[in-house]
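Chain by chain, the residues run as shown.
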Amino acid sequence: MYHMRKNRIGLALGLMLICLLLAGACTTTHEDKPLTPLADAGAAPSAAEPTEELTLQPTAEPEADPTADPTTEPTAEPLDVNAIAAPVFEAMQDKLIHEGYLLDMDGDGVEEIITRSGSCEADAELAVYVCEAGGARLVGTLSGSNSQVLAHVNGGMVVHYGHMGVEQVDLVTLENGALHTTTLIAQQEVAEYTESPDWTPLEPCA
């Protein structure tokens, strides 16, 4: 009987010891890993982290050249007046009278082509051509009978006619692509024809 009580007491003590060990293990586990409290159902949700926005950088425009003049047009190739005049002069070589001249009649820096040609002095004719990129273009003609071609100091061509005592001096200018004639002298029974320091004889080119 005594031994049975002793065994029961020992068994009870063993059970109590096991319970104490288990309780200690549970306490240690909770202390090592604290529980995360549940979110309050009535609490406002935490604000979302702001999303970083990508800003597109505008494409840089090419910088304008401050020295460039936007109103300036491309410079045209200079005209080769001699090359343009060559076929014009060549075309009159079969005539008895064939004279060729170059004179800037309108002051634009480009010489005009002037020819005096004919089968004789009576039918000699003056012709004026302008030089263009495509060649020579005829502007107009006028009488060249018994005439000398000169350059006027103020611009334009002087046509000095003199025959059998009759004299006529015309100033021929080129304006807006057309010939304009102004008579400077017209007289008859002239003993000596007029000379002027304002008129310079042209040297023939052909």
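Note that the structure is predicted; figures quoted are calculated from it, not measured.

**Q** Tell me about the pattern of salt bridges, and please be specific about residues and values.
**A** With the rule as written, the count across this model stands at three salt bridges. A salt bridge links Arg-116 to Glu-99; the shortest N-O distance between them is 3.1 Å. With Arg-116 in strand β2 (residues 112-118) and Glu-99 in strand β1 (residues 97-103), this residue pair connects regions lying 17 residues apart in the sequence. Like Glu-99, Arg-116 is buried. Taking the shortest distance from any N to any O, the salt bridge between Glu-121 and Arg-116 comes out at 3.1 Å. The exposure class assigned to Glu-121 is partly exposed, which follows from its relative accessible area of 30%. Overall, Arg-116 belongs to the buried group, its relative accessible area being 3%. Residues joined by salt bridges that share partners form a network here, namely Glu-99, Arg-116 and Glu-121.

**Q** Would you mind going over the layout of surface pockets in detail, with residue names and values included?
**A** Computed from the structure, the largest pocket encloses a volume of approximately 180 Å³. Of all the secondary structure elements, the ones that give two or more residues to the lining of the largest pocket are β5 (147-152), β6 (157-163) and β9 (199-201). Its residues assigned to classes, the lining of the largest pocket comprises four nonpolar, six polar and one charged.

**Q** Talk me through the pairing of strand β8 (residues 178-187); I want residue IDs and the actual numbers.
**A** In the sheet, strand β7 (residues 166-175) pairs with β8 via nine bridges, with the strands oriented antiparallel. Bridged to Thr-173 within β8 is His-180. Between the antiparallel neighbours β7 and β8 lie two residues, among them Asn-176 with a positive phi of about 55°.

**Q** Tell me what's going on with the sheet that holds β6, and back it up with residues and numbers.
**A** Hydrogen bonds between backbone groups are what pair the strands of a sheet, and the pairing can be parallel or antiparallel. Strand order in this open sheet of five strands is β8-β7-β6-β5-β9, and the pairing throughout is antiparallel. Of all strands in the sheet, those with a lone pairing partner are β8 and β9, marking the two edges. Each adjacent strand pair in this sheet contributes to an overall mean axis angle of 30°, direction not counted. Here three bridges tie β5 to β9, and the two strands are oriented antiparallel to one another. When the bridges of β9 are listed, Ala-151 appears paired with Thr-200.

**Q** Any details on the confidence of the model for the protein? Residues and values, ideally.
**A** Averaged over the protein, the pLDDT score is 82; the fraction of residues at 70 or greater is 65%. For the stretch residues 28-45, pLDDT sits under 50, and the model shows zero contacts to residues farther than four places along the chain or on other chains.

**Q** So what about unusual backbone geometry? Which residues, and what values?
**A** In most cases, non-glycine residues show a negative phi, while peptide bonds are predominantly trans. For Asn-146, which is not a glycine, the phi torsion comes out positive at approximately 45°. Assignment of secondary structure puts Asn-146 in the loop between β4 (135-143) and β5. You can call Asn-146 partly exposed: its relative accessible area is 21%. For Met-164, which is not glycine, the phi torsion reads 55° and is therefore positive. As for its placement among the helices and strands, Met-164 is situated in the loop between β6 and β7.

**Q** Mind laying out the nonpolar core, listing which residues take part and the relevant values?
**A** Counting residues in each nonpolar core, the largest one holds 15 residues, and the members touching the most others are Leu-103, Met-105, Ile-114 and Met-157. Examining the composition of this core, we find that three residues originate from one element, strand β3 (residues 125-132), more than from any other. Setting aside residues up to four positions removed in sequence, Ile-114 forms contacts with Phe-89, Glu-99, Gly-100, Tyr-101, Leu-103, Met-105, Leu-126, Ala-127, Val-128 and Met-157. Ile-84, Ile-113, Ala-127 and Cys-131 belong to the second-largest nonpolar core, a separate cluster that totals 11 residues.

Thresholds, definitions, all that
- Residues numbered from 1 in each chain as written.
- Predicted model: local features only at pLDDT ≥ 70, side-chain atom pairs only at ≥ 80, totals over all residues.
- Heavy atoms only, no water.
- Salt bridge = Lys/Arg side-chain N within 4 Å of Asp/Glu carboxyl O.
- Helix = DSSP H or I, 4+ residues; strand = E, 2+ residues; numbered from the N terminus.
- Buried < 20%, exposed > 50% of the residue type's maximum accessible area, 1.4 Å probe, protein only.
- 1 Å grid on protein atoms, 1.4 Å probe; cavity = no way out; pocket = protein on both sides within 12 Å on 5 of 7 lines; lining within 4 Å.
- Points joined across faces, edges and corners; volume = space filled by probe spheres on them.
- Nonpolar A, V, L, I, M, F, W, Y, C, P; charged D, E, K, R; others polar.
- Pairing = 2+ DSSP bridges.
- Axes fitted to C-alpha atoms, helices over the stretch in contact; angles between N-to-C directions.
- pLDDT = per-residue confidence, 0-100.
- Contact = heavy atoms within 4.5 Å.
- Core = buried A, V, L, I, M, F, W, Y, C linked by side-chain atoms within 4.5 Å.

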